[in-house]
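# Fold and contact review
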Amino acid sequence: MGNSQDTPKVDSVKVEPPVKSDEPASKIVYGKSGKKICCSCPDTKKARDECIVTQGEEACAELISAHKACLRAEGFTVKE
């Protein structure tokens, strides 16, 4: 013990910098509430997600439509 031969040698690890987005910050879209689309309509998003996980997408059409309507009301363009 205490012998330098007992200590395993660790190679250095190269850490890459985070990948930057190609989109400039000025192209990030915010809704009427000042939130990005991912953070808008948390109540309808949660209900939609829980339904899809437990019952499958086909059974949740009403909740999916409600979430899309909420996002549109926030000013986002959402596909059908």
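Just so it is clear, the model here is predicted, and its values are computed rather than measured.

### Observations regarding the state of the cysteines
If you walk through the whole model with that rule in mind, you get two disulfides. Across a sulfur-sulfur distance of 2.0 Å, Cys41 and Cys70 are joined as a disulfide pair. Between Cys41 and Cys70, the S-S dihedral sits near -95°, and the bridge is therefore left-handed. With Cys41 in the segment before α1 (42-55) and Cys70 in helix α2 (residues 61-73), this pair connects stretches of sequence that are 29 residues apart. Exposure remark for Cys41: the relative accessible area of 8% places this residue in the buried category. Sulfur-sulfur distance for the disulfide between Cys51 and Cys60 comes to 1.9 Å. Judged by the torsion about the S-S bond (-90°), the Cys51/Cys60 disulfide is left-handed. Its relative accessible area of 1% is what places Cys60 among the buried residues. The cystine pairing of the protein chain, numbering bonded cysteines in sequence order, is 1-4, 2-3. You can see Cys38 has no disulfide; the closest cysteine sulfur is in Cys39, sitting 3.5 Å from it. Residue classification places Cys39 among the partly exposed positions, given a relative accessible area of 42%.

### Focus on α1
Because an α-helix packs 3.6 residues into every turn, residues spaced three or four apart end up facing the same way. A rise of 1.5 Å per residue sets the reference length of α1, with its 14 residues, at 20 Å; its end C-alpha atoms lie 19 Å apart and thus fit the reference within 8%. Following α1 by one or two positions, Gly56 adopts a phi angle in the positive range, close to 90°.

### Examining α2
The first and last C-alpha atoms of α2 sit 18 Å apart over 13 residues, in line with the 18 Å expected at 1.5 Å per residue. Listing the buried residues of α2 in full gives Ile64, His67 and Leu71. Buried positions in α2, seen along its axis, are confined to an arc of 65° and lie on one side of it. Seen from the buried face of α2, the exposed residues on the opposite side, beyond 90 degrees, are Glu62 and Ala73. On the buried face of α2, the contacting elements are α1. After α2 finishes, the residue Gly75 shows a positive phi value of roughly 105°.

### Observations regarding the pattern of salt bridges
Applying the stated criterion across every chain yields a total of two salt bridges. Residue Asp49 pairs with Arg48 through a salt bridge whose shortest N-O separation is 2.7 Å. On the accessibility criterion, Asp49 (31% relative accessible area) is partly exposed. As a salt-bridge pair, Arg72 and Glu80 come within 2.9 Å of each other at their nearest N and O atoms. Classification of Arg72 by relative accessible area gives partly exposed; the value is 33%.

Rules used throughout
- Residues numbered from 1 in each chain as written.
- Predicted model: local features only at pLDDT ≥ 70, side-chain atom pairs only at ≥ 80, totals over all residues.
- Heavy atoms only, no water.
- Disulfide = S-S within 2.5 Å.
- Helix = DSSP H or I, 4+ residues; strand = E, 2+ residues; numbered from the N terminus.
- Buried < 20%, exposed > 50% of the residue type's maximum accessible area, 1.4 Å probe, protein only.
- Expected span 1.5 Å × (residues − 1).
- Arc of directions from axis to C-beta.
- Contact = heavy atoms within 4.5 Å.
- Salt bridge = Lys/Arg side-chain N within 4 Å of Asp/Glu carboxyl O.

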